[in-house]
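A closer look at the structure
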Amino acid sequence: MGRDDKNKHTSDVSLHGSGVSAHVGRNLNKQGHERTLHIRGTGKILQGKNNENNGVTIHPSKNNQDARREDGFKLARKRRPVTVDTSKAKTSLEALKLSIKQLKWKEFPLGRRAACDIYWHGVSFHDNENVVSGQVNKFPGMIEMLRKINLSRAVRTMQELFPEEYDFYPRSWILPEECQQFSTQIRMVKENDATVNPTFIVKPDGGSQGDGIYLIRDPSDLKLMVGSQAKQAVVQEYIQRPLLIDKLKFDIRLYVLLKSLEPLEIYIAKEGLTRFCTEPYQEPCQKNLSHVFMHLTNYSLNVHSGNFVHSDSQSTGSKRTLSSVLYRLAAKGVDIKKVWSDIIALVIKTAIAVVPELRVYYQADIPPGKPGPTCFQILGFDILLMKNLKPVLLEVNSNPSMRIEHEQEVAPGVFEYVPSPVDEEVKVGVIRDTLRLMDPGSKKASISQLRAGGLEHGEEIPMEAETQERSPDEGALPSLCLKQVYPKYTKQFNYLRLVERIAAMFIRFLGVKGNMRLGPTAFRTFIRTCKLSNSNFSMASVDILYIDITRRWSGTMPDSREAGMGLQAFVEAFFYLAGRRFKSLALREQVVSLLELCEAQLESPSGVEERRSVSCSRAMPRAIKSQTLGLTNPQLNSPAPLRRAASQDYRLHQRLKPRTLRANVEN
């Protein structure tokens, strides 16, 4: 990006970020989260009720026809309330009930025979297998994709292509398969400099709520076996110098709404939570490695500490609002706009890393042309601020806790759940405004506005205006606590979506609907259609490549029910083909060049005809074509800007083998 683009990115992205730090407890009320942000030097007020429209800027140029259409929407909403099936909501039920009540929608706690508009699941997309319409608050495959091993692999694939952009994720090794590599590298580091003694944190792949996490300083301390089975985990570099408040380490729980995959839409909650350790922080040494209350910020661990403080205040205690922490940092002279801008960039880049695999899961469960619901999901991003204020991604939770109460000892040995004002303040707003954004009555109008050119425009998000204009019987709702960051910042981040283009090609050749693995015939069809074989790379060599890669990957995925080549294996094969075809270029330039070559062949008449002649091939969904960086749309991603962006020399990172695992836990 040029200097102007970077400056625009920083100013645009961080504008609402400063708003987060500007509102503190005194600006909040029980009914809603009314917050005001005064922009110094401009006299402007954002997010406040400074007009009749709840702070939403409505263009005065709207014609009468638009106004009549909005009135029609209001009347329709009055006649038929939105229906929500909450029978599978589990631990998020109380916050969900409050949200539905505030919206004056209709809840079905036991489900119903007729279809509902929204289905709220507590764990996964498959909580209710009978949903064939409406909207579900879980994506298929999200649990698997956000396991610690799979997330590490997805981010590291992006680190190979964009090492500088993805430096927010700690260096990681996959256990047990990379145990030897980890031991060798650490030994070499210590041999080169005896004063260096790094600390590492080990996280079980299927762990949640801090369970099974421990710190080590030597590879020999790894606990590799659980009984007779190898323990699957991720070991990461430990951040030894975090930002401290009141001498305590803390992390940020940020709620992110993935509204849709096609088109990719991401919203970030302007308010979040900060979870504090309960023992003053000291840099790790052999004596304090086991002090979990000093090093681990997990609420589920620290709540059992004698020093844990339950507070009704949002700015004190062991769990506080994000805004109260940012306000405190701002008072010390910290550039909160820069911090918030960096956090938003981290969220968008992480989402771009996991979306390719999610597309494969999505088409397997809801193939094109098959009746099925659309999906959205609230994710919990756990972020640590380093002492230099750089945000670091710790993990992403597919099922963040939405409890609005906490366990408290009310008498010796007697525990009960009591309301948590801080949790209710943040979580009810996130759920309520997620429902507002998914309101089927306003969704159609907002989509038409996005298609009209809202992708690249500035501060106004059409959805906010649509969802906040309510009929009188719904009462006055606060302005949305969710801020759209994508496609709003498409120009700044669209160039990162290379792996999505590879995934679109993978899906195109999958063949039978519902598949997630590429068979040998389909792989040969891909090679032949894209004209990637020649005298130096025969079809026999293609078969050997397929067998070699598929065999290695099948050994790392013992739970896979399908044979064949998965997406991550296909990405490895694609990188290999790109390196073979364009040897003189850096990896990213190789991949871009091969993508352009393949996409051109696939859109040529001969490529189309050959795909039709193979019985197992199928056309790629149109939405994927338009959203995976424009296979057919030159305005989204023409070759010229791609080549300009690819001209930089990026260092290469070592790729790691993949592993697909499952979990059904709330983090």
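Each value, and the rule that gives it
- Residues numbered from 1 in each chain as written.
- Predicted model: local features only at pLDDT ≥ 70, side-chain atom pairs only at ≥ 80, totals over all residues.
- Heavy atoms only, no water.
- Helix = DSSP H or I, 4+ residues; strand = E, 2+ residues; numbered from the N terminus.
- Buried < 20%, exposed > 50% of the residue type's maximum accessible area, 1.4 Å probe, protein only.
- Contact = heavy atoms within 4.5 Å.
- Areas by Shrake-Rupley, 256 points an atom, 1.4 Å probe, with all protein chains shown as cover.
- Axes fitted to C-alpha atoms, helices over the stretch in contact; angles between N-to-C directions.
- Parallel < 35°, antiparallel > 145°, perpendicular 65-115°, else oblique.
- Left-handed = near helix turned anticlockwise from the far one by under 90°.
- Nonpolar A, V, L, I, M, F, W, Y, C, P; charged D, E, K, R; others polar.
- Pairing = 2+ DSSP bridges.
- Salt bridge = Lys/Arg side-chain N within 4 Å of Asp/Glu carboxyl O.
- Phe/Tyr/Trp six-rings, centres within 6.5 Å; stacked < 30°, edge-to-face > 60°.
- Lys NZ or Arg CZ within 6 Å of the ring centre and 35° of its normal.

The name an unreviewed UniProt entry gives the protein chain is Tubulin polyglutamylase TTLL11 isoform X2, with Cottoperca gobio as the organism.

**Focus: the overall build of the protein chain**
Per the secondary structure count, the protein chain includes 23 helices and 23 strands. For the protein chain, with 667 residues in total, the buried portion stands at 56%. Pairs at least 24 residues apart make up 71% of the contacts formed inside the protein chain by residues separated by at least 6 positions. In the form shown here, the protein chain has an accessible surface area of approximately 29,000 Å², with 51% of it arising from carbon and sulfur atoms.

**Regarding the packing of helix H10 (residues 336-365) against helix H15 (residues 498-508)**
Look at H10 against H15: their axes get within 8 Å of each other, and the N-to-C directions meet at 25 degrees. Between H10 and H15, the crossing angle belongs to the class labelled roughly parallel. In this structure, H10 crosses over H15, and the sense of that crossing is right-handed. Where H10 approaches H15, its residues Val-355, Pro-356, Arg-359, Val-360 and Gln-363 are matched on the opposing element by Val-499, Glu-500, Ala-503, Phe-506 and Ile-507. Its residues placed into classes, the contact of H10 with H15 shows seven nonpolar, one polar and two charged.

**Details of the sheet that holds strand S6 (residues 135-136)**
With parallel pairing, the five strands of this open sheet are ordered in space as S4-S3-S5-S6-S18. Since the sheet does not close on itself, it has two edges, and those belong to strand S4 (106-108) and strand S18 (374-375), each with one partner. Two strands pair when backbone bridges link them, and strand S3 (residues 83-88) and S4 are joined in this way by three bridges, in the parallel orientation. Residue pairing for S4: Val-84 is matched across the bridge by Glu-107.

**Some words on the pattern of salt bridges**
Enumeration over the complete set of coordinates arrives at 29 salt bridges. Taking the shortest distance from any N to any O, the salt bridge between Glu-262 and Arg-359 comes out at 3.2 Å. Of this pair, Glu-262 sits in the loop between strand S14 (248-260) and strand S15 (265-269) while Arg-359 is found in helix H10, placing the two residues 97 residues apart along the sequence. The exposure class of Glu-262 is partly exposed, given its relative accessible area of 28%.

**Concerning the packing of aromatic side chains**
Enumeration according to the criterion identifies 16 aromatic pairs in this entry. Where Phe-570 meets Phe-574, the ring centres are 6.4 Å apart and the plane angle is 45 degrees; that geometry is what we call tilted. Remark: Phe-574 and Phe-570 occur in helix H18 (residues 567-581); sequence separation between them is four residues, near one turn of the helix. Across this residue pair, the class does not change: Phe-570 and Phe-574 are buried. Through successive ring pairs, a cluster of aromatic residues spans Phe-506, Phe-509, Phe-523, Phe-526, Tyr-546, Phe-570 and Phe-574. Note that Arg-112 overlies the ring of Phe-108, its terminal NZ or CZ placed 4.5 Å from the centroid. Sitting over the face of the ring of Tyr-214, Lys-223 holds its NZ or CZ atom 4.5 Å from the ring centroid.

**A short note on the pairing of strand S8 (residues 200-204)**
Within S8, five of the five residues are buried, which leaves the element mostly enclosed by the surrounding structure. Residues Phe-200, Val-202 and Pro-204 point to one face of S8 and Ile-201 and Lys-203 to the other, with burial holding for every one of them. Two elements, S8 and strand S9 (residues 214-216), share three bridges in a ladder whose sense is antiparallel. When the sheet's bridge partners are listed, Phe-200 is paired in S9 with Ile-216. In the sheet, S8 pairs with strand S12 (residues 233-237) via five bridges, with the strands oriented antiparallel. Opposite Lys-203, over in S12, you have Val-234 as the bridge partner.

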